[in-house]
Amino acid sequence: MYVAVKGGEKAIAAAHELLAKERRGDPAVPEISSAQISEQLSLGVDRVMSEGSLYDRELAALAIKQARGDLIEAIFLVRAYRTTLPRFGYSQPLDTSNMAVRRRISATFKDLPGGQILGPTFDYTHRLIDPSPSAALPSEPVTGLDPGPADPIPHVATLLRSDGLIEANADHDDSKPVGDLTREPLSFPASRDLRLQSLARGDEGFLLALGYSTQRGYARTHPFVGELRMGEVDVEIAPEELGFAVPLGRITLTECEMVNQFKGTAEHPPEFTRGYGLIFGQSERKAMAMALVDRSLRARELGEELKAPSQDEEFVLSHADNVQATGFVEHLKLPHYVDFQAELILLRQLRREHTEAMAQKDAGTSPAIEPKAAAE
Amino acid sequence: MTGAADQMANEVAQRTTLLRICSEATDLELANALQALGDLPAMTEIRPPEVGLTMLRGRMGGDGPPFNLGEATVTRAAVRLGTGVTGMSYLLGRRPEAARTAARIDALGQLSAYRPLIDELLVQPVGNRLSSERLIERAEAASTKVDFFTLVRGEDQPP
């Protein structure tokens, strides 16, 4: 129960001033710019774009600065900002098979068309703190290496699909309506389009833990990284007034296709099943976690026994959003004075009754404890 | 009939090329190109630059049915020439000035008197910059491509 309380304005204003001072830190240290955040803390920016569910690097960098590096607070700021803007419509579906790939690996095939491209990765680093990480900068840009023609790199799943070894994606009829949880609140059971939308904006830590739980045996799915790719994809929109699709620019995406253990029926020979992850920016951990959880949430569709948290879509989707979660957890800081008064009154009454019951027991008048007392 | 359809398709392709270049040009490249065009015909702003959102869609498994991935900020603008030709722009990000300039360039690009000049001042130089940047990106990625080789197995070695 909330009751309007007045007062505290001066304290609040002073607290905000103090916050601004703390945000700036030691004035002798140069102030950081949002361009520096965007360029040099780029994976933090990617996380804010992905969980803020808004692709805008400058805005995400600004939010990180304002939030003093608290990424969930920054995500909250981005989500609040997006509610102030009108919606211009939906893009054409992004074509990740035409991605300008900067990183692409497969854990299922060593040799595959397009090759294993490591790109900018922390993998294979020693995880030793380096006091001057910029010292490893190459003195000259990469030149003289002919990268070959800019042919699209085929998806690994397409290769498996051509042998019929992996399930086909559902046929796409683009005229069917696509669920949008920013327009209508989530209800259950949720179809896969809504589940993927929810996972794409879900908290990385939550999805990571759930994905990890499936590996540890809570609804095991035997996953392999069929493919992980990162790079730039063109965005197009087909405005009604124009009648044809126009390019808007490029965005960076990370895509993960998990290949999971087989499923077959009397009619269908066994084939690998799939889990899918697609994330704004470079975020492999989250793309992989998303693909694990997507696969796990397909349990009902694939006729699997429902026994683990990662298969429970209501549990997963209701708790994946860190803005909702932080809102409800942090609201506990708000005044609950009246609620608490009621609890106090109740507790005092219970204690009074307890004391009275004890007094009666000591007097040997309580019938409830008589047999036990007699046994002693 | 086919001739008219071909001409339509060609016009759309020409316009798409220019809009793609506008979407990847910097604010400065757009402003410089417009200024270099010299005196411009009168244009009315039928849609002043407006920042909004576009919901970006992905496909399940890369090639399956669409789903809503998340939104992006987009700026749009539209202008009309005295002749009735309209120009418009949609750009990723919050870029009101660039969107206004791009809409003007799109309108002028539909006039045969301006298009060759726009190609020379904007499409070619920005296209060249983009291709050299992309070439470097691809070369950098290619430098991290793994060359596997099989080690000689122990039991195959002479004793």
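Residues numbered from 1 in each chain as written. Chains lettered and ligands numbered in written order. Predicted model: local features only at pLDDT ≥ 70, side-chain atom pairs only at ≥ 80, totals over all residues. Heavy atoms only, no water.

### Here's the deal with the confidence of the model for chain A
The following threshold applies: Across the chain, each position has a pLDDT score giving the predictor's confidence in that residue, from 0 to 100. Between two residues, a contact is recorded if the distance between any of their heavy atoms is within 4.5 Å.
On average, residues of chain A carry a pLDDT of 91, and 94% of them reach 70 or more. In this model residues 372-376 of chain A is a low-confidence stretch, pLDDT under 50, and it forms zero contacts with partners more than four residues away in sequence or in other chains.

### Notes on the pairing of strand S2 (residues 66-81) of chain B
Operational definition: Buried residues are those whose accessible area, probed at 1.4 Å on protein chains only, stays under 20% of the maximum for their type, while exposed residues exceed 50% and partly exposed ones sit between those limits. The helix and strand labels rest on DSSP assignments: H or I over at least four residues marks a helix, E over at least two residues marks a strand, and numbering proceeds from the N terminus. In short, DSSP must find at least two bridges between two strands for them to pair.
With 15 of 16 residues buried, S2 of chain B is to be regarded as a mostly interior element. Pairing analysis gives two bridges linking strand S1 (residues 54-55) of chain A to S2 of chain B, with the strands arranged parallel. Directly across from Leu 54 of chain A, in S2 of chain B, lies its bridge partner Glu 71 of chain B. Both strand S1 (residues 43-59) of chain B and S2 of chain B contribute to a ladder of 14 bridges, which runs antiparallel. Its bridge partner lying in S2 of chain B, Leu 56 of chain B is registered against Gly 70 of chain B. The turn linking S1 of chain B back onto S2 of chain B is made up of six residues, and Gly 61 of chain B within it adopts a positive phi angle of 70 degrees. Sheet topology note: the S2 of chain B/strand S3 (residues 86-92) of chain B ladder contains seven bridges and is antiparallel. Following the sheet pairing, Arg 76 of chain B is matched in S3 of chain B by Tyr 90 of chain B.

### Quick look at the interface of chain A and chain B
Quick note on the threshold: Once two parts are brought into contact, the accessible area they lose, counted with a 1.4 Å probe and summed over both, makes up the buried area. One speaks of a salt bridge when a side-chain nitrogen belonging to Lys or Arg is within 4 Å of a carboxyl oxygen belonging to Asp or Glu.
Across the contact, 72 residues belong to chain A and 52 residues belong to chain B. Both faces considered, chain A and chain B share a buried interface measuring about 5700 Å² in area, 63% of it formed by carbon and sulfur atoms. Considering only the surface of chain A that becomes buried against chain B, Phe 88, Pro 247 and Leu 248 of chain A emerge as the three largest contributors, covering 13% of it. At the boundary of chain A and chain B, one finds eight salt bridges.

### Focus: the pairing of S3 of chain B
Burial analysis of S3 of chain B places six of its seven residues in the buried class, the great majority of the element. A loop of four residues connects S2 of chain B with S3 of chain B, the two strands running antiparallel in sequence, and Gly 84 of chain B in this loop sits at a positive phi of about 100 degrees.

### A closer look at the domain arrangement of chain A
All names here are of chain A. As a reminder of what qualifies: For the domain bounds, the source is a domain assignment made automatically or taken from a database. In protein, a polar contact means a hydrogen-donor-capable atom and an acceptor-capable atom, both N or O and within 3.5 Å, with residues adjacent in sequence counting only if both atoms are side-chain atoms; elsewhere, any N or O pair within 3.5 Å suffices.
By domain assignment, chain A separates into domain 1 (13-82) and domain 2 (96-119 + 153-168 + 181-329). Residue-level contacts link 14 residues of domain 1 with 18 residues of domain 2. Interface of domain 1 and domain 2: buried area, both sides summed, is about 1400 Å²; carbon and sulfur atoms make up 55% of it. Broken down residue by residue, the surface that domain 1 buries against domain 2 is led by Ser 50, Tyr 55 and Arg 79, which jointly contribute 39%. Linking domain 1 with domain 2 are two salt bridges. The partner of Asp 203 in a salt bridge is Arg 47, with the nearest N and O atoms 3.1 Å apart. Counting across the domain 1 and domain 2 interface gives seven residue pairs in polar contact (both at pLDDT 80 or more).

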